[in-house]
Amino acid sequence: MKRKDIAMMARSPVISAALRILHRLTVLLVVGIFLIPAVWLLSISFKPPTEWQVFPPNLIPRSPTLDNYIVLFKPEAPKGTAAAMLRVTEPVTKSFLNSIIVVPAATAISVTVGFLAAYAVARFRIGGAFMPFFVLTTRMFPPVAFAVPLLVYYRWLRLIDTPIGLILIYAGFTLAFSLWMTKGFIEGVPRHIEEAAILDGASPWRVLFTITLPIVKGGLAATMLFVFILNWTEFLYALIFTSTKMITVPVQLSHYVGAVGRFYGPQAALGVIASVPVVILGYVIQRYLVTGFSFGLIRR
Amino acid sequence: MRRLVMILKVFPQFLSHEKVFKNLLVLPMQLLLNFLLMPPFAIVIYLAFVNWQPIFGGWTEAPFVGVSNFIRLFSEPRFYEALGRTFVVAIVAVAFEFLLGLGLAVLFSRPFLGRRICTSVILYPMMLPWVVVGFTFYLLFLDHGPVNYVLSSLFGPAGMISWFRNPVPAMTAIIIGDVWQWTPFMFLIFYSALGALPKDPKEAAMTLGANAWQIFRYITFPMIKPVAYVGLVIRALECFKIFDLVYIMTGGGPGVSTETLSLYIYRVAFKYGQLSYAAAVAIIVLLGIALVTRIAVRPLLKEAA
Amino acid sequence: MMRKIVVVSLVLGFIGCIVCAQSTPAERALVGLSSLMEKGVIKPGQTFKIMIHSGQRNQLAPAVEELSKLTGLNIQLVVIGNEPDIYVKVMNEAVVRTGEYDIFLTFCNWIGDMAEAGVIVPLDEWIAKYDPEIDHGPNRYVSPLDKFTTQYGGHYYALGMDNDALVLFYRKDLMEDPSEQAAFEARYGRPLKLPETWEEFDLITEFFDRPEQGMRGAHLYAERVFAYTSWAPRFIAKGGIYFDPYTMDPMINSPEGVAALEEIISLVRNHMFPEAYTADWSAAYTLFPEGKVFWTIAWASLGHWASDPETSKIAGKVGFAQLPGEYHDGVLYRATPHVVGWSFSICRYGKAPEAAYLIAQYLNDPTVSAAAITRTGTLDPFRLNHFQDEKLLAAYGPELGPVLMLNAEQSFPDISLRGANEYLDVLNLNLQAAVAGQISAKEALDRVAIAWQEITDRLGRGRQIEAWQQEIKRYPKHIRELWVKLGKMDPHMAGLE
């Protein structure tokens, strides 16, 4: 058969329908596999302590309970031996408030600063080969070894256990991501589009914000989501640089530990709840991820 | 007064001058990084050349010991074992994450009903706090946990694996956990890269009779290569520092057979309190990774196409 | 003005003396606090922060609230989740000295590190002045806990708040079942009873190991963090000692140590669930109450958990026993490990250490602590009066009380020297590696010995010898007598004359 015939066949309705079904099935299979640990996590969050490690394991809790969720917000509410044991810390509302203050601010700073710098690096090669690489080295250093020296410095600056302190740390340590990821997306924008705008008399600022920025919206959104996730789930520095006022959600999560070990139920419940804002953010930005553009549409 | 007006008129032009423009753009980043990171890094270097632990007293009075911390590091087998182990884990995990992420992104590249929800599901693992991912996989892979339950249902009791008893199954479980948690990252990178591609070249190729594989290989993939490469480097860097999953699932055990580099440094710094030695280890790790990465990212630092 | 102050102080002091004669540590603490307030050292509404572990919050919160009301101070509990994180934060405080915390509630074997780092203050003076009744009086601590939860290197640094002597929990119904007893006697030629020696323990474990019925013989800790708690009691009961008291050479790879480890390896391999050495330490709290193992050695809190029908399938069938030991010359020497255990220490950089001490003394008071420990949490009874408190005993199970006391009396401390975490971590990881079959018992302990020598040299052998010689004297008397009997040291070194 000639290639033309095969191509014609590929366009036949039957085969494309079959391919479509295969495609959907594959998607469902993949989604299903990805869901398994998450479903297990959800299952644990509704189980009482006696069921957290039993064998044979059961997906549906034998005696489902909402205590794991309730105890997060009202530690005194659940009754009974098992529940009394879970009464280990304050309600989670304060930690959520702290996270909601610190993480979006740090993310916004990081992505903005990183994007601006990335444009200069991508288009003007500022800093040559050294500077962007140097920024990347901030991610190569083991955070553990940096903690105490940074703590000493922060003590001197009186920034321990303050919102600004944590925001600066989160912004600074994710700058490398913001820079490199947005740089990659900026470099994907064909230069001649920008050059055309400059020839038309636009200032570099205008080009940056009205030409390039809309095209890399998707990349920015992805970067922002990733940096948000990194900051939202960060534990080590949150633990070390806060004491009482600025505890974030991951640190609060670590409190659910006690006489019989880690409290998987409440930690699972808090993990589920903590992921909700991130999931919402992820869903919302998807709109920006599939821009796709045509060469013919760059004229404004 | 006239001078002020002149300055005001010239100011926008001044800002648009290329040199001013590009330096102004990087200024915030330089300020932030220099302010935040320089002084502590100086302390780290200082610590690496003294002999100090908190139980010895003040850090400013610690005795200078030259390079003895580094000498100790280079003769420490536990360090080399951790290093080798970490390489293996990082290479295997990142390879899987790259391929799976790419495959998933291609699978999701054409719109279909419920795509947004499915994408949210795929992205979900990244969004959980790492402690939660750690203990979820720990519980899944327990000797008497769900994974073994499924294995024993399929293959009988002989099919059950004691995951944490030996380093190889333990590392496998850890890699599976890491792949679950971070494939979404590669997926996100590829998905947004594919989504940002212009449609014209693809449509042009299709009218010329190219099939899907040819389009992907010769048109699509080259266009997403820069972003893909960045994603790969970033992910590899992060995976090399893998800590959380190992800490929760095995604690580095049995013995130290699953101890990764980050776990080793953590133990030395925070459990044994040897902050000087930890600083020396960290510096060597930094230099090593920087060297390897420098070679790897050379193509990215050259002039873009 | 000066005259007035002198007169008031004299009167207060006089009243104080009278009060001291028949008062309680709590009352003395309150008097002390109000006198500090009069002198202006502390002010009403001043904040004090106590760093605790989440497991104690339920127990301490009501007492802290009460004290805040009584004194007009603002006393807060700051909760930390992971126990290693507490160590990290205390050591960070030693470096940066923020003064954020006033009191620490930490593992008592960290006191060495904390004292050497200078972050906690010696308490000798205040203990002499305010008398928290540690080692005298009807409400004193169970001996020898009074020594090893409070001291380091010859000084007081802490007020012990806990009793973590392990207990042997077993299936009473099976142990007392006549058909089981007959079968045991037929098989081994001796009666089935609570073990006196580890050899008997191993035999009974073998007897009750019934994998076909879904029950294994025992669950003992053999994992990354607490493996040493299974090995140490055998080692000590055989007459072992961690370090030579004259040279600080490690002695864990002596024949006693190797024999003890080989016993553990054999038990784990043959009569326990394999996850004994990979699961985290809470596995005991699942396996035993589910009826999946015949017995286990764990903290006292398991007793409560296993006896409550809400959380246990074997409620009503649980027995409590002393840990076994070894015979030497016809005399039985038992040894129980006292594993970690919480105690209060006072931060040097707080704004008012003496007031902080008084707050800790109040919480440590016999009645206040009894009420606290009755509530669910990680603190366990440690004073004599606790073991007579009906409510408290009811919360634990009335039979557990006396057994816990016996185990406490025969208990020995974790290594509490400077660098304790290092010594114990290296020991643990090698013990676990041996149990996992990666290396032999002898080789594991030899590696530990080499590592321990290096640690000791790095930290300064002279100081370590001094501290170890002090620590030896805190071991229970019968163990020290055993060491002398076996020729490991002279009676003077053992503190016996």
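Keep in mind that this is a model prediction, so the values were computed, not measured. (Residues numbered from 1 in each chain as written. Chains lettered and ligands numbered in written order. Predicted model: local features only at pLDDT ≥ 70, side-chain atom pairs only at ≥ 80, totals over all residues.)

**Focus on the overall build of chain C**
At step 1: Helix and strand counts for chain C stand at 22 helices and 15 strands.
At step 2: Relative to the globule expectation of 23 Å for 497 residues, the C-alpha radius of gyration of chain C, 24 Å, shows essentially globular dimensions.
At step 3: Its C-alpha atoms put chain C at 85 × 50 × 40 Å along the principal axes.
At step 4: For chain C, buried positions account for 58% of its 497 residues.
At step 5: For chain C, long-range pairs separated by at least 24 residues make up 74% of all intrachain contacts whose partners lie at least 6 apart in sequence. (Helix = DSSP H or I, 4+ residues; strand = E, 2+ residues; numbered from the N terminus. Rg over C-alpha atoms; globule rule 2.2 N^0.38 Å. Buried ≥ 20, exposed ≤ 12 C-beta atoms within 10 Å, placed from the backbone. Contact = placed C-beta atoms within 7 Å.)

**A closer look at the domain arrangement of chain C**
One frequent convention defines the size of an interface as the accessible area lost when the parts assemble.
Residue and element names in this part refer to chain C.
At step 1: Domain annotation for chain C reports domain 1 (2-164 + 340-413) and domain 2 (195-295 + 323-337 + 419-497).
At step 2: Using C-alpha coordinates to define each centre, domain 1 is positioned 30 Å away from domain 2.
At step 3: Domain 1 puts 17 residues into the contact, and the matching count from domain 2 is 15 residues.
At step 4: Those elements giving two or more residues to the side of domain 1 that touches domain 2 turn out to be α5 (111-116), α7 (145-148), α18 (400-409) and β15 (411-413).
At step 5: If you tally residues by element for the side of domain 1 that touches domain 2, the top one is β15, at three residues.
At step 6: Partitioned by chemical class, the residues of the side of domain 1 that touches domain 2 number six nonpolar, eight polar and three charged. (Domains from an automatic or database assignment. Nonpolar A, V, L, I, M, F, W, Y, C, P; charged D, E, K, R; others polar.)

**Some remarks on the packing of helix α7 (residues 143-157) of chain A against helix α4 (residues 83-96) of chain C**
At step 1: Following both chains from N to C, one finds α7(A) and α4(C) inclined at 50 degrees, their axes separated by 10 Å at the closest point. It follows from the interaxial angle that α7(A) and α4(C) lie oblique. Crossing handedness for the pair α7(A) and α4(C): right-handed. From α7(A), V148(A), L151(A), V152(A) and R155(A) reach across to α4(C), where they touch N92(C), V95(C) and V96(C).
At step 2: Grouping the constituent residues of the contact of α7(A) with α4(C) by class yields five nonpolar, one polar and one charged. (Axes fitted to C-alpha atoms, helices over the stretch in contact; angles between N-to-C directions. Parallel < 35°, antiparallel > 145°, perpendicular 65-115°, else oblique. Left-handed = near helix turned anticlockwise from the far one by under 90°.)

**Brief notes about the interface of chain B and chain A**
At step 1: Contacts between chain B and chain A engage 85 residues on the former and 89 residues on the latter.
At step 2: Here the element with the most residues in the side of chain B that touches chain A is helix α2 (residues 18-48) of chain B; it accounts for 16 residues.
At step 3: Within the side of chain B that touches chain A, the residues separate by chemical class into 67 nonpolar, 11 polar and seven charged.

**Considering the sheet that holds strand β7 (residues 167-171) of chain C**
Residues and elements named next belong to chain C.
At step 1: If you trace the four strands from one edge of the open sheet to the other, you get β8-β9-β7-β10, paired in mixed fashion. Single-partner strands in this sheet number two, and they are β8 (216-219) and β10 (318-321). On average, each strand axis in the sheet is tilted by 20 degrees relative to the strand beside it, whichever way the strands run.
At step 2: For β7 and β10, the ladder comprises four bridges, and the chain directions are antiparallel. Note on β10: the bridge partner recorded for L168 is A321. (Pairing = 2+ DSSP bridges.)

**Looking at the interface of chain C and chain A**
At step 1: Chain C puts 30 residues into the contact, and the matching count from chain A is 30 residues.
At step 2: Looking at the side of chain C that touches chain A, the elements that each hand over two or more residues are α3 (57-71), β2 (74-80), α4, α13 (284-287) and α14 (301-307) of chain C.
At step 3: For the side of chain C that touches chain A, the element with the most residues is α4(C), which contributes four residues.
At step 4: For the side of chain C that touches chain A, the per-class residue count stands at eight nonpolar, 14 polar and eight charged.

**Re unusual backbone geometry**
Generally, phi is negative for residues other than glycine and the peptide bonds are trans, each holding for most cases.
At step 1: For the bond running from S143(C) to P144(C), omega is 0 degrees, close enough to zero to count as cis.
At step 2: Inspection of the secondary structure assignment puts P144(C) in the loop between α6 (124-130) and α7.
At step 3: For D161(A), which is not glycine, the phi torsion reads 60 degrees and is therefore positive.
At step 4: The exposure class assigned to D161(A) is partly exposed, which follows from the 17 C-beta atoms found within 10 Å.
At step 5: Here V340(C), not a glycine, exhibits a phi torsion of approximately 60 degrees, which is positive.
At step 6: Considering the arrangement of structural elements, one finds V340(C) in the loop between β13 (336-338) and β14 (342-346).
At step 7: For V340(C), a count of 21 C-beta atoms within 10 Å puts it in the buried group.

**Concerning the domain arrangement of chain A**
Residues and elements named next belong to chain A.
At step 1: When its domains are assigned, chain A resolves into domain 1 (3-45) and domain 2 (93-297).
At step 2: Taking only C-alpha atoms, the centre of domain 1 and the centre of domain 2 are 33 Å apart.
At step 3: Class assignment of the residues belonging to the side of domain 1 that touches domain 2 gives a composition of three nonpolar, one polar and no charged.

**Concerning the sheet that holds β14(C)**
Residues and elements named next belong to chain C.
At step 1: Spatially, β2-β1-β3-β14-β6 is the arrangement adopted by the five strands of the open sheet, whose pairing is mixed. For this open sheet the edge positions go to β2 and β6 (159-160), each flanked by a neighbour on one side alone.
At step 2: Note that strand β3 (residues 103-107) and β14 share five bridges and pair antiparallel. In the strand pairing of β14, F104 is matched with S345.
At step 3: Against the sheet, α3 engages β1 (47-53) and β2, with an angle of about 165 degrees to β2.
At step 4: Across the sheet, α4 touches β1, β2 and β3, and the angle it forms with β1 is around 140 degrees.

**A word on the pairing of strand β9 (residues 293-298) of chain C**
Residues and elements named next belong to chain C.
At step 1: The buried fraction of β9 is high, at six of six residues.
At step 2: Of the pairings in the sheet, the one linking β7 to β9 comprises four bridges and is antiparallel in character. Across the sheet, V167 pairs through a bridge with A298, a residue of β9.
At step 3: Here three bridges tie β8 to β9, and the two strands are oriented parallel to one another. Opposite H219, over in β9, you have T296 as the bridge partner.

**Remarks on the environment of T260(B)**
All names here are of chain B.
At step 1: With respect to the secondary-structure elements, T260 resides in the loop between α11 (244-249) and α12 (261-271).
At step 2: Residue T260 is classed as buried on the basis of its 27 C-beta neighbours within 10 Å.
At step 3: With 18 residues separating them along the chain, T260 and I242 place their C-alpha atoms 7.2 Å apart.
At step 4: When neighbours within four sequence positions are excluded, T260 is seen to be in contact with A82, R85, T86, V89, I242, F243 and V246.

**So, the pairing of strand β11 (residues 325-328) of chain C**
Residues and elements named next belong to chain C.
At step 1: Bridge analysis of β11 against strand β12 (residues 331-334) gives four bridges, and the strand direction is antiparallel. The partner of H328 across the bridge, within β12, is V331.
At step 2: A loop of two residues connects β11 with β12, the two strands running antiparallel in sequence, and D329 in this loop sits at a positive phi of about 55 degrees.

**Here's the deal with the packing of helix α12 (residues 255-271) of chain C against helix α19 (residues 420-435) of chain C**
Residue and element names in this part refer to chain C.
At step 1: The interhelical angle for the contact between α12 and α19, taken along N-to-C directions, is 50 degrees, at an axis separation of 9 Å. By the angle between their directions, the pair α12 and α19 is classed as oblique. The two elements α12 and α19 cross, and the hand of that crossing is right-handed. In this structure, α12 uses L261, I264, I265 and V268 to contact α19, whose residues at the interface are L431, A434 and V435.

**Some thoughts on the environment of G114(B)**
All names here are of chain B.
At step 1: Position of G114 relative to the elements: it lies in the loop between α4 (77-107) and α5 (115-123).
At step 2: The exposed category is assigned to G114, around which 12 C-beta atoms lie within 10 Å.
At step 3: G114 sits 96 residues away from A210 along the chain, and the two C-alpha atoms are 29 Å apart.

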